[in-house]
Amino acid sequence: QVQLVESGGGLVQPGGSLRLSCAASGRLFRIYSMGWYRQAPGKERELVATIYENGVTHYADSVMGRFTISMDSAKNTLSLQMDNLKPEDTPVYYCSAKIWNDAPNREYWGQGTQVSVSS
C-alpha cells in the first residue's frame, strides 16, 4: 500500500505563485510515474501534469509554460511549481502515483489540497 500526502495549497492573487508537494510513503516500492490532477465542484477530474521515472513529462495545454512538474525518486516526492496563476486554476489538486510490480492500471491518490486564486 502506498500513501500520498499533498501540501502547499492556499490562497493567492492572480499572477502569483504556489508550489505544491506530494510525499509518498509505505512499503518498499519503485515509482513508475507520478502526476497532478485537479477537480472543480461538479466537474470531471482533469490531468494537469505527469512525470515518468525516466524524466519525461506531459502538461495540459492550459498550464503549459506556467507550471513545472518535478520528481525526486530518491525521496519519493513530487512537486508542482505553479506560476502566473489564474482564477481558473482554483480547483482542488490531487497527487497520483503508479508503481512497478503492481496491478495493471492501478493508481494511488492523495487526499487533495485546495488552491484558490482570487483578487
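As shown above, the structure is provided for reference.
Here is what the cut-offs are and how they apply
Residues numbered from 1 in each chain as written. Predicted model: local features only at pLDDT ≥ 70, side-chain atom pairs only at ≥ 80, totals over all residues. Heavy atoms only, no water. Phe/Tyr/Trp six-rings, centres within 6.5 Å; stacked < 30°, edge-to-face > 60°. Helix = DSSP H or I, 4+ residues; strand = E, 2+ residues; numbered from the N terminus. Buried < 20%, exposed > 50% of the residue type's maximum accessible area, 1.4 Å probe, protein only. Lys NZ or Arg CZ within 6 Å of the ring centre and 35° of its normal.

**A short note on the packing of aromatic side chains**
Scanning the entire structure with this criterion turns up three aromatic pairs. Judged by centre distance (5.7 Å) and plane angle (80 degrees), the ring pair of tyrosine 32 and tyrosine 52 falls under edge-to-face. Of the two residues, tyrosine 32 sits in strand E4 (residues 31-39) while tyrosine 52 sits in strand E5 (residues 46-52), which places them 20 residues apart along the sequence. For tyrosine 52, a relative accessible area of 33% translates into the label partly exposed. Residues tyrosine 32 and tryptophan 100 carry aromatic rings whose centres are separated by 5.1 Å and whose planes lie at 85 degrees to one another, so their mutual orientation is edge-to-face. Here tryptophan 100 lies in the loop between strand E9 (92-99) and strand E10 (108-109) and tyrosine 32 lies in strand E4, a separation of 68 residues in the sequence. Residue class for tyrosine 32 comes out partly exposed when judged on its relative accessible area of 35%. Feature note: the residues Tyr32, Tyr52 and Trp100 constitute an aromatic cluster, connected by ring pairs. Directly above the aromatic system of tyrosine 94 lies the positively charged group of arginine 45, at a separation of 3.9 Å from the ring centroid. Its end group placed over the ring of tryptophan 109, arginine 45 keeps NZ or CZ at 4.6 Å from the ring centre.

Everything listed is a geometric property; what it means functionally is a separate question.
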